[in-house]
Amino acid sequence: MLTIKNLKAGINGKEILKGIDIFVKEGEVHAIMGPNGSGKSTLAAVLAGRELFKVTEGEVSYFGKNLLEMKPENRARAGIFLGFQYPIEIPGVSMVNFMRAAVNEHRKFRGLNPLSSSDFLKLMREKKELVEIDSKLTNRSVNEGFSGGEKKKNEIFQMAMLEPKLAILDETDSGLDIDALRVVANGVNKLKTKENSTIVITHYQRLLDYIVPDFVHVLYKGRIVKSAGKELAFELEEKGYDWIKKELGEE
Amino acid sequence: MHPLGFTCGEIASLSWGKQIDLLGKNHKIKIKKNKIKTASKQVPESAIDMENENDNIINEVTQGEYKYGFVTDIESDSIPKGINEDIVRLISEKKNEPAFMLDFRLKAYRKWLTMEMPRWAHLKIPEINYHDIIYYSIPRQAAKYKSIDEVDPVLKDTFNKLGIPLEEQKHLAGVAVDAVMDSISVKTTFKETLAESGIIFCSMSEAIKEHPDLIKKYLGSVVPYGDNYFAALNSAVFSDGSFVYIPKGIRCPMELSTYFRINAANTGQFERTLIIADDESYVSYLEGCTAPRRDENQLHAAVVEIIALEHAEVKYSTVQNWYPGDKNGKGGIYNFVTKRGICKGDNSKISWTQVETGSAITWKYPGCILKGNNSTGEFFSVAVTNNYQQADTGTKMIHLGANTKSRILSKGISAGRSNNSYRGLVKMTKNAENSRNFSQCDSLLLGDKCGAHTFPYIDVQNKTSIVEHEATTSKIGEDQIFYCNQRGISTEDAVGLIVNGYVKEVINRLPMEFAVEAQKLLQISLEGSVG
């Protein structure tokens, strides 16, 4: 569903991604690991269409379409979901309103009528149970005053509501205690089907104990320097990123 | 002594003055600055239907132009341009007024001649030629209607376009309407129904003739004719407006509403509204305004006076949508309005709610004089400015009685190249012991060419009162927009969502039909401001 070819992108003239190639098929889970500053979050942002980053070269096709030409909201409607590393607070906008606007935009894109209030609330209740999110959170303004863990759970809740084809989870595990991590990972696993795919961006192998990847890519200085099966994650955890540096002939 | 127990001099001293005492050591004043805080309002699941409704309305609004800009092609009967004593006499004569009214007008006119236009507001007001204005214009043959059938169909059509039903049978919402076009009240609906409970709801002209005692007692008692430049001008030449009297112990069974419309060119609108709520009564009053799109500026200088007696409560809501001028700042209404209420009796309450989206320039400070002990004053405001609009608006809360309370919530939204200022005075006099005020002034900026300003004036003269002021300034962030985009919400809808969230606390205080209209207006006013 997703083909990234020689993707180069940067910010303010500084190149961060220096030629990325990734192929994601339906039903696959890909993990992207790498040290700080390697370009993991930039890759996520570029895929979601954040204009802050400029693509300088390369192609991204999503179900045969040129993703880079699509507006961010259309990428979202076409099934791309980004779980934010730092979810944004929107004071005054209730989660209910926010989610309803989002769900109905997705439905409109697929040629469906908006959900009635009661159907929408029913959907919310179901998804809340599925991802074990505290009911009270959805009565508050979007992410406002949420703890770090609550924000991350809220991302998974939104993912459950929007049922993306491709979910990109940017450091969803950072700042989570072990219980929250389990809740978040369970949520992701429950939402997994044969059709949808997930790209998990993470620092640590820890999350991959719960969300088992089919492929692990190591991103370093803007390039994928190593790709393998899930065993690569264990190797990395054991040997550290220095091992990669050494393999690359760096000190 | 003035009948209200304080002299005109004292009222005059309620002007902004220079007594800013932000950090007086004797007073307990908490100032929290730049605290970014927006109340997270819980949305009960049952509220979703209303939200749904609101969303539909926003969706249906796609045009960004001022849609009330049409002109009604109806002959009008105007007096010559300009102002002098003869004009004042002519207006009074045209209206068959009793001698005391002419006297009031002439005193006001003479006072006005000695006054100068106020310059302290954060506004750039072009020179106004007061001799180039027509002070009295009525749609021809509008003199008196016995029934709706007699109203000119063209005129009826105008009010229908504005969504104001004059035909009572069609009107299910239960709002009694007084419609004022240019200088005259066209039709007051539901008058008979209201009369059954002793409520008087009629045009000002009628009240002057039929209830002279109430007029003599209360007109000018809250806003004296010499109060300020525009109030003096209004007192001299005011043409019509609404009059409301709610008798003792009566809860007005429906919302009362006045719709103001400027139609004729070169005409000023000077309406006068007087609301008297007798002991233990209650009334909710709504006011809406529109004007045609014209290249020249037009002056609107109204005066509204409210008197709340013991245990009485008055809610006054405004949706102000005078023509704001075009995208380059040409044309538009100058909205220079004096609105003031007095909580005269103990335990009384006056609440102002305003949504200001129109006018080229707004100069307006609906205030409360809290004279009765335990009385309460409230001010809830949303002021939107876009393109080249200017607004200097806020409130005055004057605490005279003990244990009085006031609350101010002001939400400013600036976009385009506009300037939006909040100006508020909170005054605790010596006798206003144990009184409280809480003010919150929030500003939201869209883009980087507009301005938001806050001018709080605090004057505390006793040691037991508490005054709190909170102010926040925020911008809609690129990250917030992107977050919405990533969930499938377009940039324009995202701004709408965030703005609606921002003003919700105020909008929710408006009666339902008005809340819906206000949301539509916000959307239209801000259209094209993101980019």
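Below is a summary of the structure that appears in this document. Residue positions are counted from 1 within each chain, in the order its sequence is given. Numbering of ligands from 1 and lettering of chains from A proceed in the order in which they are written. Only residues with pLDDT of at least 70 get local features here, since the model is predicted, and only at 80 or more are side-chain atom pairs given and counted; chain-wide, interface and lining totals rely on the full set of residues. Side-chain metrics in this entry use all non-hydrogen atoms of the structure; hydrogen atoms and water are not considered.

### Considering the sheet that holds strand β4 (residues 54-62) of chain A
Residue and element names in this part refer to chain A.
Point 1. A pair of strands counts as paired when DSSP detects no fewer than two bridges linking them. Only DSSP runs of H or I reaching four residues or more are called helices, and only runs of E reaching two or more are called strands; each is numbered from the N terminus. Pairing is antiparallel across the open sheet formed by 4 strands, whose spatial order is β2-β1-β4-β5. The sheet is open, and its two borders are formed by β2 (14-24) and β5 (65-66), each paired with just one other strand.
Point 2. Bridge analysis of strand β1 (residues 2-11) against β4 gives 7 bridges, and the strand direction is antiparallel. If you follow T3 over to β4, its bridge partner there is S61.

### Comments concerning the packing of helix α3 (residues 95-109) of chain A against helix α5 (residues 148-162) of chain A
Residues and elements named next belong to chain A.
Point 1. Direction vectors running N to C along α3 and α5 enclose 35°, while the axes themselves pass 10 Å from each other. Crossing hand, α3 versus α5: right-handed. Mapping the contact onto sequence places M95, F98, M99, A102, V103 and H106 in α3 and N154, F157, Q158, M161 and L162 in α5.
Point 2. Asp, Glu, Lys and Arg are counted as charged, while Ala, Val, Leu, Ile, Met, Phe, Trp, Tyr, Cys and Pro are counted as nonpolar; the rest, among them Gly, fall into the polar class. In terms of residue class, the contact of α3 with α5 is made up of 8 nonpolar, 3 polar and no charged. Axis definition: a line fit to C-alpha positions, over the contact stretch in the case of helices; interaxial angles, taken between N-to-C directions, run 0 to 180 degrees. Left-handed describes a crossing whose near helix is turned anticlockwise from the far helix through less than a right angle; right-handed describes the clockwise counterpart. The contact criterion used throughout is that any non-hydrogen atoms of two residues lie within 4.5 Å.

### Remarks on the packing of α3 of chain A against helix α4 (residues 117-130) of chain A
All names here are of chain A.
Point 1. Where α3 meets α4, the closest approach of the two axes is 11 Å, and the angle between their N-to-C directions is 105°. Regarding the angle of α3 to α4, the classification is roughly perpendicular. Of the residues in α4, those touching α3 at V96, M99, R100 and V103 are S117, F120 and M124.
Point 2. Looking at the contact of α3 with α4 residue by residue, the classes come out as 5 nonpolar, 1 polar and 1 charged. Just so you know how the angles are binned, under 35 degrees is roughly parallel, over 145 roughly antiparallel, 65 to 115 roughly perpendicular, and the rest oblique.

### Quick notes on the environment of S443 of chain B
Residue and element names in this part refer to chain B.
Point 1. Locating S443 in the fold gives a position in strand β22 (residues 436-445).
Point 2. Given a relative accessible area of 9%, S443 falls into the buried group.
Point 3. A C-alpha to C-alpha distance of 8.6 Å links S443 and T454, two positions 11 residues apart in sequence.
Point 4. Setting aside residues up to four positions removed in sequence, S443 forms contacts with G412, A452, T454, T472, T473, S474 and Y502. Between buried and exposed lies partly exposed: a residue is buried under 20% and exposed over 50% of the maximum accessible area for its type, with that area taken using a 1.4 Å probe on protein chains only.

### As for the side chain of N420 of chain B
Residues and elements named next belong to chain B.
Point 1. Relative to the helices and strands, N420 resides in strand β21 (residues 419-428).
Point 2. What qualifies as a polar contact is a pair of N or O atoms within 3.5 Å, subject to a donor-acceptor requirement within protein and to the restriction that residues adjacent in sequence count only when both atoms come from side chains. Among the polar contacts made by the side chain of N420, one reaches the main-chain carbonyl oxygen of A383 at a distance of 2.9 Å.
Point 3. In contact with N420, not counting residues within four places along its chain, are A383, V384, T385, A391, G412, I413, S414, G451, A452 and H453.

### Section: the packing of aromatic side chains
All names here are of chain B.
Point 1. Aromatic rings from Phe, Tyr and Trp, taking only the six-membered ring of Trp, are treated as a pair when their centres fall within 6.5 Å; an angle between ring planes under 30 degrees marks them as stacked, one over 60 as edge-to-face, and anything in between as tilted. What the rule picks out here adds up to 20 aromatic pairs over all chains.
Point 2. Their ring planes at 75° and their centres at 5.7 Å tell us that Y130 and Y229 sit as a pair that is edge-to-face. You can see Y130 sitting in the loop between α4 (99-113) and β3 (137-139) and its partner Y229 sitting in helix α9 (residues 229-237), a full 99 residues away along the chain.
Point 3. Look at Y229 and you get buried, because its relative accessible area is 9%.
Point 4. Each member of the aromatic cluster is reached from another via a ring pair, and the members are Y109, W112, W120, Y130, Y229, F230, Y334, F336, W363 and Y365.
Point 5. For a ring to carry a charge above it, either NZ of a lysine or CZ of an arginine must fall within 6 Å of the ring centroid while also lying within 35 degrees of the normal to the ring plane. Stacked on the ring of Y282, the Lys or Arg R251 has its end atom at 4.0 Å from the ring centre.
Point 6. Above the face of the F238 ring, R272 is positioned so that its terminal group lies 5.7 Å from the ring centre.

### Notes on unusual backbone geometry
Point 1. The phi torsion at N143 of chain A lies on the positive side, around 60°, for a residue other than glycine.
Point 2. Position of N143 of chain A among the secondary structure elements: in the loop between β8 (141-142) and α5.

### Quick word on the pairing of strand β13 (residues 313-320) of chain B
All names here are of chain B.
Point 1. Buried residues dominate β13, accounting for 6 of its 8 residues.
Point 2. In terms of strand pairing, β13 meets strand β15 (residues 349-356) through 8 bridges, oriented parallel. Across the sheet, residue V314 finds its bridge partner in β15, namely I350.

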